[in-house]
Amino acid sequence: TVEGKAFVKATGGKIRTDRMQDRDFATRFVAFYLIDYSDYEPDMDSFLNKGMGKIKSLSNEQMQKLKDDFRAAMELAWDVFGEDAFRKRVNSHQPKKPINKAIFEVFSVLFAKLSELQRLEIRARKSILKEHFKLNLLIPGNLYLTSLSTGTALKEMVQYRFTFTEMLIKQNLPNA
């Protein structure tokens, strides 16, 4: 599928299909796309199941929009971050880091919810967004880095990382 190819490109083909890791990532996207992060309640597995349960009630048009938004988010993540999409690597001298599920959750969902115009604006300011994101990964012990690394399924961590990432994105949208 077009969405699948965009996912493979954005993740550098590093998410394994034989162990269904790709489905775990897709499930996280669907759940947070269909249920606002502010309504997240632990535990994560129950939340993901609740999100997947909502798929059954989507119309064909809503399902197509979800797929289109997912593809657009994967393309935008690649365009902004390149090989570092969904990774905690701060400079090219470091070895490439693994894909981080928490980073995938926030950027895939928040990028998916942008309008086409907003996606164009993000592309135009991608170096600034990328720089701001990386700077926040360099501050030892900061809450944003912690929310992407430790206790990622805790309600406070989920809400903090979404709120903070949303702010990072909005800083790069002139009319937000």
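As shown above, the structure is provided for reference.
One structure accompanies this document, and this report is about it. (Residues numbered from 1 in each chain as written. Predicted model: local features only at pLDDT ≥ 70, side-chain atom pairs only at ≥ 80, totals over all residues. Heavy atoms only, no water.)

**Quick notes on the packing of helix α2 (residues 21-34) against helix α4 (residues 60-81)**
The contact between α2 and α4 brings their axes to 12 Å, and the two run at 115°. α2 and α4 meet at a crossing whose hand is right-handed. Contact residues: α2 offers F29, V30, Y33 and L34, while α4 offers K65, L66, D69 and F70. Per-class residue counts for the contact of α2 with α4 are 6 nonpolar, no polar and 2 charged. (Axes fitted to C-alpha atoms, helices over the stretch in contact; angles between N-to-C directions. Helix = DSSP H or I, 4+ residues; strand = E, 2+ residues; numbered from the N terminus. Left-handed = near helix turned anticlockwise from the far one by under 90°. Contact = heavy atoms within 4.5 Å. Nonpolar A, V, L, I, M, F, W, Y, C, P; charged D, E, K, R; others polar.)

**Looking at the packing of aromatic side chains**
Within this structure, the stated rule accounts for 19 aromatic pairs. Connected via pairs of aromatic rings, a cluster forms that spans F7, F25, F29, Y33, F70, F86 and F104. A cation sits over an aromatic face here: K113 above Y33, 5.0 Å from the ring centre. (Phe/Tyr/Trp six-rings, centres within 6.5 Å; stacked < 30°, edge-to-face > 60°. Lys NZ or Arg CZ within 6 Å of the ring centre and 35° of its normal.)

**So, the environment of R119**
Secondary-structure assignment places R119 in helix α6 (residues 116-124). A C-alpha to C-alpha distance of 25 Å links R119 and D24, two positions 95 residues apart in sequence. Among residues more than four places away in sequence, those in contact with R119 are D69, A72, L76, F111, A112, K113 and L114. Of note is the side chain of R119, whose polar atom sits 2.8 Å from the backbone oxygen of A112. (Polar contact = N/O pair within 3.5 Å; in protein donor to acceptor, adjacent residues only side chain to side chain.)

**Here we look at helix α3 (residues 44-55)**
Between the first and last C-alpha of α3 there are 17 Å, a value that for 12 residues agrees with the 16 Å anticipated at 1.5 Å per step. Considering only its buried residues, α3 is in contact with α2, α5 (101-112) and α9 (155-170). N-cap assignment for α3: the residue whose side-chain oxygen lies 3.2 Å from the backbone N of D45 is D43. (Expected span 1.5 Å × (residues − 1).)

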